[in-house]
Amino acid sequence: MNVLIVYAHPEPRSLNGSLKAFAVQRLEAAGHNVQVSDLYAMGWKATLDAGDYPQRPDGEPFNPMSDSQRAYEQGTQRPDISKEQEKLRRADAVILQFPLWWFSMPAILKGWVDRVYAYGFAYGVGEHSERHWGDRYGEGVMTGKRAMLMVTVGGWISHYSARGISGPIDDLLFPIQHGILYYPGFDVLPPFVVYHTSRTDDARFTQLSAELGQRLDSLWDTPPIPFRPQNGGDYTIPDLTLKANIAPGQSGFPIHRRQRPDVCG
Ligand code: FAD
């Protein structure tokens, strides 16, 4: 299998650097072909701007969506963007690895998503009609591929628990797991999260490696998070709200995961 690790940490000797090295070694030892996009080492350009589309028409206002679409369709994107798209096409599984910075991913990784997820590639795909609102949330160019987050977190696990002050980790990661990964069609595996990173010493690193190793060994058979497919019948189209008889009276991120039984009437 082909595994792509998109890695966002500026220091190779960091905890993230050690975990990434372990992951590559473990996956390769199991016979997988591993490719790493090490964004800081690559000097990845983090901002989407008009310079990404060198052949856009002179004098026209820059429109990130339509310029992205035109460049994608005409094959005139900057090569750094098309190379990453090609890596995604080739991958059977994608791991996004990063330290939690200000409750999200580092800007360089967000910039990778902004630029690589072109219109026509990761969004704006499929039939748009009264019964099918595009191939998205469970369908799209990444259908059949698996994705997982590997995240390190300075705070304690309790800070990110259901009643923790930082908010539940599943809620914080929802925009990434549901919005960035499930949207273009990935099956999203539960994240591998390391909390309280400052507590890491050799003994803990050994323990973390063992846990990560198990997650990597089961990359192909771990059940994905049961997000609800947009076009699977749970939502009304085109307003895209969960049908009234599903999870009645409930709201928030958790309703977009299937739980049985959650249908009334
Ligand atoms: P490092 O700092 O490199 O290492 C952590 C510990 O692991 C160190 O003690 C190190 O000695 C040890 N270690 C590293 N490698 C090994 C090894 N091979 N064997 C044994 N021990 C090892 N945290 C939050 O909870 N929420 C936030 O919103 C948040 N925002 C942040 C924003 C910014 C801009 C920054 C800089 C930090 C933020 N943090 C936040 C903290 C951040 O999540 C952690 O600092 C980060 O996850 C730690 O990962 P690292 O790879 O940088 O660890």
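Above this text sits the structure in question.
To keep things clear, this report deals only with the structure shown in the data block. Just so you know, these numbers come straight off a predicted model, no measurement behind them.

1. Focus on the side chain of Asp234
In step 1: Counting through the fold element by element, Asp234 comes out in the loop between α7 (202–217) and β7 (235–236).
In step 2: Residues contacting Asp234, with those up to four places away along its chain left out, are Arg228, Thr241, Leu242, Lys243, Ile246 and Arg258.

2. Here we look at the environment of Ser218
In step 1: The topology assignment puts Ser218 in the loop between α7 and β7.
In step 2: Between the C-alpha atom of Ser218 and that of Ala21, which follows or precedes it by 197 residues, the distance is 18 Å.
In step 3: Polar contacts involving the side chain of Ser218 include one to the main-chain carbonyl oxygen of Gln214, which spans 2.9 Å.

3. So, the site of the ligand
In step 1: What surrounds the ligand is a group of 21 residues, the closest being His9, Asn16, Trp102, Thr152 and Tyr160.
In step 2: The separation between an oxygen atom of the ligand and a polar side-chain atom of Asn16 is 2.8 Å.
In step 3: Note that a nitrogen atom of the ligand is positioned 2.8 Å from one of the backbone N or O atoms of Trp102.
In step 4: Its free accessible area being 990 Å², the ligand has 65% of it covered by the protein chains.

4. Comments concerning the packing of helix α4 (residues 79–90) against helix α5 (residues 107–116)
In step 1: Where α4 meets α5, the closest approach of the two axes is 9 Å, and the angle between their N-to-C directions is 90°. When the axis of α4 is compared with that of α5, the two are roughly perpendicular. Residues Asp80, Ile81, Glu84, Gln85 and Leu88 of α4 pack against Trp112, Arg115 and Val116 of α5.
In step 2: The residue inventory of the contact of α4 with α5, partitioned by class, reads four nonpolar, one polar and three charged.

What counts, and at which threshold
- Residues numbered from 1 in each chain as written.
- Predicted model: local features only at pLDDT ≥ 70, side-chain atom pairs only at ≥ 80, totals over all residues.
- Heavy atoms only, no water.
- Helix = DSSP H or I, 4+ residues; strand = E, 2+ residues; numbered from the N terminus.
- Contact = heavy atoms within 4.5 Å.
- Polar contact = N/O pair within 3.5 Å; in protein donor to acceptor, adjacent residues only side chain to side chain.
- Near = heavy atom within 4 Å.
- Areas by Shrake-Rupley, 256 points an atom, 1.4 Å probe, with all protein chains shown as cover.
- Axes fitted to C-alpha atoms, helices over the stretch in contact; angles between N-to-C directions.
- Parallel < 35°, antiparallel > 145°, perpendicular 65-115°, else oblique.
- Nonpolar A, V, L, I, M, F, W, Y, C, P; charged D, E, K, R; others polar.

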